[in-house]
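Commentary on secondary and tertiary structure
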Amino acid sequence: MCGIVGYIGNRECQEILLDGLRRLEYRGYDSAGIAVMQGERVQVRKCAGRIAQLEGLARRNPLSGKMGIGHTRWATHGEPTDLNAHPHQDVKGNIALVHNGIIENHGMLRNYLEKQGCRFVSQTDTEVIAHLIHSLYKGDMLQAIREAMGFLEGSYALAVICESEPDSLYCVRLGSPLVVGMGAGEMFLASDIPAILPHTRDMLFLEDKEIAVLRRDGVRVYDAVGAIRHPSPYHISWDAAAAEKGGYAHFMLKEMMEQPQAVQGTLSAYTGKEGLREMLPGKVERLDFIACGTAYHAGRVGAYYLRQLAGIESAAHIASEYRYCRLFPQTDAGVLAISQSGETADTLAALQKARAMGMQTAALTNTVGSTLDRSVKTTLLTYAGPEIAVASTKAYITQVETLLLLAMDQGRKNGALSGERLGDILNQLGRLPEKMEEVLKKQTPIQHYCDGHMNEKLMFFIGRGVDYALAMEAALKLKEVSYLPCEAYAAGELKHGAIALIEQGTPVFAICTQEELLEKTLSNLRETKARGAETVCICPETMEKRARQEADLVWTVPDSDPLLLPLLIMLPMQLLAYHMAVAKGRDVDKPRNLAKSVTVE
Ligand code: G6P
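Attention in this report is confined to the structure presented alongside it. (Residues numbered from 1 in each chain as written. Predicted model: local features only at pLDDT ≥ 70, side-chain atom pairs only at ≥ 80, totals over all residues. Heavy atoms only, no water.)

Turning our attention to the overall build of the chain. When its secondary structure is counted, the chain shows 18 helices and 27 strands. Here the chain has a C-alpha radius of gyration of 25 Å; the compact-globule value for 601 residues is 25 Å, and the two agree. The buried share of the chain, reckoned over its 601 residues, is 60%. Restricting to contacts in the chain with at least 6 residues of sequence separation, those with at least 24 account for 72%. Counting every atom, the chain has about 22600 Å² of accessible surface; 49% of that belongs to carbon and sulfur. With 64 positive and 72 negative side-chain charges, the chain shows a separation of 1 Å between the mean positions of the two kinds. (Helix = DSSP H or I, 4+ residues; strand = E, 2+ residues; numbered from the N terminus. Rg over C-alpha atoms; globule rule 2.2 N^0.38 Å. Buried < 20%, exposed > 50% of the residue type's maximum accessible area, 1.4 Å probe, protein only. Contact = heavy atoms within 4.5 Å. Areas by Shrake-Rupley, 256 points an atom, 1.4 Å probe, with all protein chains shown as cover. Lys, Arg positive; Asp, Glu negative; His and termini not counted. Charge placed at Lys NZ, Arg CZ, Asp CG, Glu CD.)

Looking now at the side chain of Glu25. Among the structural elements, Glu25 can be located in the loop between helix 1 (14-23) and strand 2 (31-38). As a buried residue without a salt bridge, Glu25 has its nearest oppositely charged side chain in Lys590, at a separation of 4.4 Å. Filtering out sequence-adjacent residues up to four positions away, Glu25 remains in contact with Arg50, Ile51 and Lys590. (Salt bridge = Lys/Arg side-chain N within 4 Å of Asp/Glu carboxyl O.)

Moving on, we get to the site of the ligand. Close to the ligand lie Cys292, Gly293, Thr294, Ala295, Ser339, Gln340, Ser341, Thr344, Val390, Ala595, Lys596 and Val598, which account for all nearby residues. One nitrogen or oxygen atom from the main chain of Thr294 is found 3.0 Å from an oxygen atom belonging to the ligand. Here an oxygen atom of the ligand and a backbone polar atom of Gln340 are 2.7 Å apart. Bound to the protein, the ligand loses 89% of the 390 Å² it would expose on its own. Looking at the shell around the ligand, the element that brings in the most residues is helix 8 (residues 293-310), giving three residues. Of the residues assigned to the shell around the ligand, the class counts are five nonpolar, six polar and one charged. (Near = heavy atom within 4 Å. Polar contact = N/O pair within 3.5 Å; in protein donor to acceptor, adjacent residues only side chain to side chain. Nonpolar A, V, L, I, M, F, W, Y, C, P; charged D, E, K, R; others polar.)

Let us look at the environment of Glu104. Mapping Glu104 onto the fold places it in the loop between strand 6 (95-103) and helix 3 (106-115). In this structure the C-alpha to C-alpha distance between Glu104 and Gly358, which are 254 residues apart in sequence, comes to 29 Å. Residues in contact with Glu104, not counting those within four places in the same chain, are Glu153 and Gly154.

Let us look at the sheet that holds strand 26 (residues 534-540). Across the sheet, which stays open at both edges, the five strands sit in the order 24-23-25-26-27 with parallel pairing between neighbours. Only two strands of the sheet have a single neighbouring strand rather than two, namely strand 24 (486-490) and strand 27 (553-557). Strand after strand, the sheet turns through a mean of 20° between neighbouring axes, direction not considered. With five bridges joining them, strand 26 and strand 27 adopt parallel strand pairing. Bridge pairing links Val536 to Leu553 in strand 27. Taken strand by strand, helix 15 (residues 466-482) contacts strand 23 (459-463), strand 24 and strand 25 (507-511), and its axis lies near 175° from that of strand 24. (Pairing = 2+ DSSP bridges. Axes fitted to C-alpha atoms, helices over the stretch in contact; angles between N-to-C directions.)

Let us look at the nonpolar core. Within the largest apolar cluster, 93 residues are counted, with the highest numbers of intra-cluster contacts made by Phe289, Leu336, Met408, Phe461, Phe509 and Met573. Per-element accounting of this core gives the leading share, 13 residues, to helix 18 (residues 565-583). Residues in contact with Met408, not counting those within four places in the same chain, are Leu276, Leu309, Leu417, Leu422, Ile425 and Leu426. Counting residues in hydrophobic clusters, the runner-up holds 31 residues, among them Ile103, Leu113, Ile145 and Leu174. (Core = buried A, V, L, I, M, F, W, Y, C linked by side-chain atoms within 4.5 Å.)

Taking 1.5 Å per residue, 12 residues should reach 16 Å; helix 10 (residues 345-356) reaches 17 Å between its end C-alpha atoms and fits that length. For helix 10, the buried fraction is high: nine of the 12 residues fall into the buried class. Turning to helix 10, its buried residues are Ala345, Asp346, Thr347, Leu348, Ala349, Ala350, Leu351, Lys353 and Ala354. Once helix 10 finishes, Gly358 follows within two positions and takes phi at roughly 90°, a positive value. (Expected span 1.5 Å × (residues − 1).)

Within strand 8 (residues 169-174), six of the six residues are buried, which leaves the element mostly enclosed by the surrounding structure. Of the two faces of strand 8, the one lined by Leu169, Cys171 and Arg173 and the one lined by Tyr170, Val172 and Leu174 are each fully buried. Strand direction decides the pairing type here: strand 7 (residues 154-162) and strand 8, joined by four bridges, are antiparallel. The residue bridging Ala157 from the neighbouring strand is Arg173, located in strand 8. Once strand 7 ends, the chain turns through six residues before running back antiparallel as strand 8. As judged from the four bridges shared by strand 8 and strand 12 (residues 211-215), these two strands associate in the antiparallel manner. Looking at the pairing, Leu169 lines up with Leu214 of strand 12.

Below, the discussion takes up the packing of aromatic side chains. Throughout the structure, instances matching the rule amount to nine aromatic pairs. Residues Tyr304 and Tyr305 carry aromatic rings whose centres are separated by 5.9 Å and whose planes lie at 50° to one another, so their mutual orientation is tilted. Accessibility assignment for this pair places Tyr304 and Tyr305 in one class, buried. Ring geometry for Phe461 and Phe509: centres 5.1 Å apart, planes at 20°, overall stacked. Separated by 48 residues along the polypeptide, Phe461 in strand 23 and Phe509 in strand 25 bring together distant segments of the chain. Each of the two residues, Phe461 as well as Phe509, counts as buried. (Phe/Tyr/Trp six-rings, centres within 6.5 Å; stacked < 30°, edge-to-face > 60°.)

The next thing to look at is a negative patch on the surface. Taken together, the side chains of Glu434, Glu437, Glu438 and Glu541 define an acidic patch exposed on the protein surface. Tracing the backbone shows Glu437 in helix 13 (residues 419-441). Residue Glu437 is classed as partly exposed on the basis of its relative accessible area of 37%. (Patch = residues over 30% accessible without salt bridge, like charges linked within 9 Å, V, L, I, M, F, W, Y side chains within 5 Å.)

Moving on, we come to the state of the cysteines. Under the criterion given, the structure shown has zero disulfides. Note on Cys118: no disulfide assigned, nearest cysteine sulfur contributed by Cys162 at a separation of 15 Å. According to the relative accessible area criterion, Cys118 is buried, its value standing at 13%. Lacking any disulfide linkage, Cys171 is separated from the closest cysteine sulfur, that of Cys162, by 15 Å. Taking relative accessible area as the criterion, Cys171 reaches 0% and is therefore assigned buried. (Disulfide = S-S within 2.5 Å.)

All right, on to the environment of Ile16 then. Within the element layout of this structure, Ile16 appears in helix 1. The class of Ile16 is buried, set by a relative accessible area of 10%. Each C-alpha atom, one on Ile16 and one on His199, is 9.4 Å from the other, the two residues being 183 residues apart in sequence. Apart from the residues lying within four places of it in its own chain, the contact partners of Ile16 are Tyr7, Arg11, Phe188 and His199.

This is the structure in structure tokens:
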């Protein structure tokens, strides 16, 4: 999804902007641009394609100036062309702005502005904002932006520079994140922390409808009615190196390999001498999860944990569905929003809906200071460090881990879980990172499998109960990074339709972590084999002998408490997706059509 970067200070800013944009590449984009205050004029360089192309353009025709803005665009309104790339300008070219989000009433505003004589050069919703601000500008940009906000419907994070105010960089947000980085004698702006982390770790997060005016020596933040606000800065603990590849071929590989430390770090954060800390205040009768994508799949595992360990009702909901479904509020029910980025628009909206219905709300996120973090009283953080690859791996694993700890805490509080069992799970969790290392070392057979199966037309992942939730995540991972079509099915449901797709040699992976369901799932696997499938069973070592009698191939993970097996079993599934993507020559970290953080509905 689109990215924003901005700078004002005493240094030449072209390289700072380009470097910031490079650090935002992981968000997914199809065009890019920068605008710099050069002398008395705002100058723009922009083009469709990769940052490398923009760099070429900027090197051939460099911009010199100490204030500027930059953008990576992920096309929504209008094709990814040079003209549709940001920054956009008003008719006279006095103003340049970049925008993340979608202006829903852009058609109506465009008609109105065209009647006023504005000539549009792009098909974007963003250009409307440039003309609108220009038409409202009477020598006070703060006022013009405030008035423009009254007309704009939709979501936006905007950064604006203007020739008449060469010492100020303006920005405003509604529903799309913006962070201000505070340096010494220089200020930075970005949609995401990693873009400006090499320059400062002291960050201010803007709230909806706040306008910030950045000058070399400081920032002023105003609320919607113009009153000055004094938000407290956050200090970001991780450094820029954590958001770099560090010798690995891809961020996805690096992030998968970091999972043992991420699990260890998250465990340490929630445990101490006294054992497991309290995760959420009090206890609930029911706890639901709302999330999108991989975080939703983590929520499905979390719901299983809560039912198993705390004996309470729990379900995971897709946030974009939940926000429009009819809800029946329950007293003592809680809703936990799960989001790696803490910025996913549907998840934030679903949380607001739950709150409006009177439910207790909390968040689980990897991103301190994110909109989600700031919109709830209680946040559970995952300590995975920055996740850059679009496909989520370490964030998912730590989400599942934190949900396990949450279920243990609820079970302890309502008496469903004994202290002895709790201690036992914690002990085994302490030994898990070592077992994870062991699994992550065994990549060669997976690599060979991928080399031999890269031309498959379709694959299946099946499982029952929690293993179905794992199958869903395994299939999502594979399709998002390798583009290989695949289906996740509840093992017992396959024969009600999808089994018709099985042909000679179609790979079917069965995920088995639960001893009591092993025979059932193996029998479903046998059904596919009888129709020509090439079957693979993924299970712990204790089940290997039995699995070998049924499956063509068996991949094992070390034995562990069944509750911890989801955390181990997902590793070969992630590696399968990764090596398949490499074998097929895909852009692993930036798969086509996808964005790391989806800040529009
Ligand atoms: C996008 C990403 C997915 C991610 C989902 C939810 O679709 O491509 O990897 O799972 O958003 O993101 P969140 O930041 O809310 O966990």
